[in-house]
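A structural walkthrough
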Amino acid sequence: MASEWKTVVRRTGGGRRSGPNTYVKNANTRSNGPFAYQMSAAKSTRSIEEKVLTLKTDMKRRMDELQESKFSRKLAAILSRSFETEGILGSPIDVVCYGLGSYEHSANAQYQLGCALLLHKEVCQTGSLMVFDPMLTEADLQVSRDLGCTIIESNEEGKRPVDRPTLFFMPHCSKGLYHNTLYANWNIDTLHNVYIVGNSFSSYSDRRWQFRASYDIQHGVKHHFEQTCIEKVLELVTEESIENCFVPEAVFNDLSLHHFPSAKVKAMPMEFWSNRPELLPGADTELIPSGKQ
């Protein structure tokens, strides 16, 4: 795919970031909440082998913390219940990770990858674990492979259709990326296969309405905003909030499990499926082609 997606976050001053994962052009300096990271000149000259070794040590520490945490046990229980309700617990379930960021440069990304690895091991088991992020470094890619992940080689922009149950692990991604994942599976035969751990769709919808109202007031005119798949799918999604009992709290805040029960999907009229919302990039989608930044 020629163009790459990139999330864009408006600057609002200091404080901890809790919004979408952010990609910046200069990877040497990265701020990720309480884990501000700045590469030193010495570290930047290390060999790939040294970076991989350090990163593996960091990942083991993060995964040990997660293994002992109440958060990971609660999340595994929520997923297991959802899978059991649909009769797929114990069946092959793939895990797709989008937008985690660089583990080499972000402790938050290390925790998030660690969480996906634990869920794959304890709940999804026999399925594949796939990862993609445009900011993954050579060390990130090597560690991902060593931990059993499959690298998605091309930028799908989230548009991956699935033909079997798949958990999309997408904490703090942009609305546009969630929209694309839903868009790619917008039919009666596949949407029930989609499970998304990501920011609350209902909260996103509420904030989008607030943005629209603010935009209209600011510009003194009623502007027409196209509906996204996130808003349209609210009538059939089952959303379960995931309690954020993990410290540091910025790693997993504002997350929910989203699923589309097969009974609800099959009951939707054909008109619902034929009116699939198109993504129109703009200020309230936070998703733009990198060539137009």
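In what follows, the structure referred to is the one given above.
Residues numbered from 1 in each chain as written. Predicted model: local features only at pLDDT ≥ 70, side-chain atom pairs only at ≥ 80, totals over all residues. Heavy atoms only, no water.

Moving on: the pattern of salt bridges. Applying the stated criterion to the full structure yields 9 salt bridges. When the shortest N-O distance is used, the salt bridge between Lys51 and Glu104 registers 3.8 Å. Of the two residues, Lys51 sits in helix 2 (residues 48-67) while Glu104 sits in the loop between strand 4 (94-98) and helix 4 (107-124), which places them 53 residues apart along the sequence. Judged on exposure class, the residue Lys51 and its partner Glu104 are both buried. Here Arg81 makes a salt bridge to Glu240, at a shortest N to O gap of 2.9 Å. Taken as a pair, Arg81 in helix 3 (residues 70-85) and Glu240 in strand 9 (residues 238-241) lie far apart in primary sequence, 159 residues in all. On the basis of relative accessible area, Glu240 is assigned to the partly exposed category, the value being 30%. (Salt bridge = Lys/Arg side-chain N within 4 Å of Asp/Glu carboxyl O. Helix = DSSP H or I, 4+ residues; strand = E, 2+ residues; numbered from the N terminus. Buried < 20%, exposed > 50% of the residue type's maximum accessible area, 1.4 Å probe, protein only.)

By the secondary structure assignment, Phe169 is in strand 7 (residues 166-170). Residue Phe169 is classed as buried on the basis of its relative accessible area of 0%. For the pair Phe169 and Val96, spaced 73 residues apart in sequence, the C-alpha separation works out to 5.9 Å. If near-sequence neighbours (up to four positions away) are discounted, Phe169 is found in contact with Val95, Val96, Cys97, Tyr98, Leu100, Gln112, Cys115, Ala116, Leu119, Val197 and Phe252. (Contact = heavy atoms within 4.5 Å.)

With 44 residues, the main nonpolar core has Phe169 and Phe252 as its most contacted residues. Among the elements that line this core, the one with the most residues is helix 4, at 10 residues. Ranked by size, the runner-up nonpolar core spans 29 residues in total, among them Tyr98, Val194, Ile196 and Leu236. (Core = buried A, V, L, I, M, F, W, Y, C linked by side-chain atoms within 4.5 Å.)

Before going further, it helps to examine helix 4. The end-to-end C-alpha separation of helix 4 is 24 Å, in line with the 26 Å expected for 18 residues at 1.5 Å each. Across the 18 residues of helix 4, 16 count as buried, placing the element largely inside the fold. Its side-chain oxygen at 3.3 Å from the backbone nitrogen of Asn108, Ser106 defines the N-terminal cap of helix 4. One or two residues past the end of helix 4 sits Gln125, with phi positive at roughly 60°. (Expected span 1.5 Å × (residues − 1). Polar contact = N/O pair within 3.5 Å; in protein donor to acceptor, adjacent residues only side chain to side chain.)

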